[in-house]
Amino acid sequence: MSDKKPWAGRFNEPTDAFVEAFTASVDFDRRLYRYDIQGSIAHATMLADRGILTAEERERIIQGLEAIRERIDNDQFEWSVSLEDVHMNVESALTAAIGDAGKKLHTGRSRNDQVATDIRLWLRDEIETIRGELLRLQTALIDLAEREAETILPGFTHLQTAQPITFGHHMLAWFEMLQRDRERLADCNKRVNIMPLGSAALAGTTYPIDRQQTARLLGFSGPCENSLDGVSDRDFAIEFSAAASILMMHLSRFSEELIIWSSAQFGFVELSDRFCTGSSIMPQKKNPDVPELIRGKSGRIFGHLVGLLTLMKGQPLAYNKDNQEDKEPLFDTVDNLKGSLKVFADMIPGIRCRTENMRAAAMKGFATATDLADYLVRKGIPFRDAHEVVGKAVALGVRKGCDLADLSLEELRGFSGQIEDDVFEVLTLEGSIAARDHIGGTAPRQVRVAIERARRRAV
Ligand code: ARG
């Protein structure tokens, strides 16, 4: 390709062919074309209003850009690597189509403020899409929590049986994490939605531009305050990657639970066949591939966060070509995040709880030991002493190979005379969960109230 480079004026020999390909970004930044054109239309509109372009030039530019957009939409645009990036490809096609007016579009701006504007416009849209998918996943979790508000399973600490909980309560824990993720993204968007355009190369421009107007036209909350910062700041991308990483960390933990729960050894849940795959050699296998893959994808997204931090850490002001390396990690983060959220939201409604297995598991491992201690406290025994008494009862259960509820009243009274036959109520699973009846507790009654609140917050 021998497209003339817009910056060729001061050069005496052509770019080395490999260097041209090596430094080009068009293969990946062409994805920004809609935002690039949107930014250019706003810029041309402002330039004309300020008398820097004529109304006729503005019209030719806008029509030319819209025609280019349509060509790209319909895959009828020829991208050129020698034109380096999306910005010069579009500008050069514009000049080819409309002549001299096209050459005036770049008045008062630089690719440095242009690219920073494009990425922010793009990321703003993607954040909205991601927040929408998050909401869909949260709603699926609320529905599942409602369906299984009374289903009992063992809750764990250290992955050892701790206390009985309800499945609905467990799902609402995931809801909370995702709610924070959604808030974090909205907050991040406040700093994404600020306009670098008008910073020009680094110092601003000598033309009497109106940055408030372009910001308004593009729906930004306002122009950035400092032109040096405007062209070089990638904090917004790092911040987004951090929010994306935390979100993926949550999805990865959730995945891990689904993987453990769907194993033959736990047998707590069954994932629908549509989200699993088989083995080419072991006929019995049904593998939880979707959660496993999402757990794996968290790694690359954390990697992109570290990559972007490292990209920025040594850069002096203002723009440096290093910044071109911001796009691929960002694109990959967005694509994988959206994919992971979509598949998760689709998968949740098909989760089937194997209630009998969960119940049987909750019956094992002395899950109601704390309830027995609390019972003794209500009878006037200090908690530390009660803890000791129950510890001894558990030791007897371990020796006999049975749970607390299977010990006789005489055996239990051997540890404390305060124990009476009403003790067996607190040793049941239903008694244990129903007793945790306060905001944030696992009692089915509280779970239902929490579901109501969650529905109001999931907007
Ligand atoms: N392709 C470049 C990037 O992605 C656009 C800005 C280039 N500016 C420059 N002066 N080389 O960062």
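In this report, we go over the structure that sits alongside the text. Only a predicted model underlies this, so the values are computations on that prediction, with no experimental measurement involved. (Residues numbered from 1 in each chain as written. Predicted model: local features only at pLDDT ≥ 70, side-chain atom pairs only at ≥ 80, totals over all residues. Heavy atoms only, no water.)

1. A closer look at the overall build of the protein chain
Secondary structure assignment for the protein chain yields 20 helices and 4 strands. On C-alpha atoms alone, the protein chain measures out to a radius of gyration of 31 Å, which is more than a quarter above the 23 Å that the 2.2 N^0.38 rule sets for 459 residues. Each principal axis of the C-alpha distribution contributes one length, and for the protein chain these read about 100 × 50 × 40 Å. Taken as a whole, the protein chain presents about 21900 Å² of accessible surface, with 52% of it coming from carbon and sulfur. Averaging the positions of the 58 positive and the 69 negative side-chain charges in the protein chain gives two centres separated by 1 Å. (Helix = DSSP H or I, 4+ residues; strand = E, 2+ residues; numbered from the N terminus. Rg over C-alpha atoms; globule rule 2.2 N^0.38 Å. Areas by Shrake-Rupley, 256 points an atom, 1.4 Å probe, with all protein chains shown as cover. Lys, Arg positive; Asp, Glu negative; His and termini not counted. Charge placed at Lys NZ, Arg CZ, Asp CG, Glu CD.)

2. A few points about the packing of helix α7 (residues 111-147) against helix α11 (residues 235-261)
Contact geometry for α7 and α11: axes closest at 12 Å, N-to-C directions at 20°. One element, α7, and the other, α11, form an angle in the roughly parallel class. Handedness of the crossing formed by α7 with α11: left-handed. Side by side, α7 and α11 meet where Ile-119, Arg-120, Leu-123, Ile-127, Ile-130, Leu-134, Leu-137 and Leu-141 of the first sit next to Phe-236, Phe-240, Leu-247, Leu-251 and Phe-254 of the second. Grouping the amino acids of the contact of α7 with α11 by side-chain chemistry returns 12 nonpolar, no polar and 1 charged. (Axes fitted to C-alpha atoms, helices over the stretch in contact; angles between N-to-C directions. Parallel < 35°, antiparallel > 145°, perpendicular 65-115°, else oblique. Left-handed = near helix turned anticlockwise from the far one by under 90°. Contact = heavy atoms within 4.5 Å. Nonpolar A, V, L, I, M, F, W, Y, C, P; charged D, E, K, R; others polar.)

3. Things to note about unusual backbone geometry
Look at the link from Leu-317 to Ala-318: it is a cis peptide, with omega at 0°. Mapped onto the elements of the fold, Ala-318 is located in the loop between α12 (289-313) and α13 (327-347). In this model, Glu-84 sits at a positive phi of 70°, which is unusual for a non-glycine residue. Of note, Leu-159 is a non-glycine position whose phi angle comes to about 55°, a positive value. Judged by relative accessible area, which is 52%, Leu-159 ranks as exposed. (Buried < 20%, exposed > 50% of the residue type's maximum accessible area, 1.4 Å probe, protein only.)

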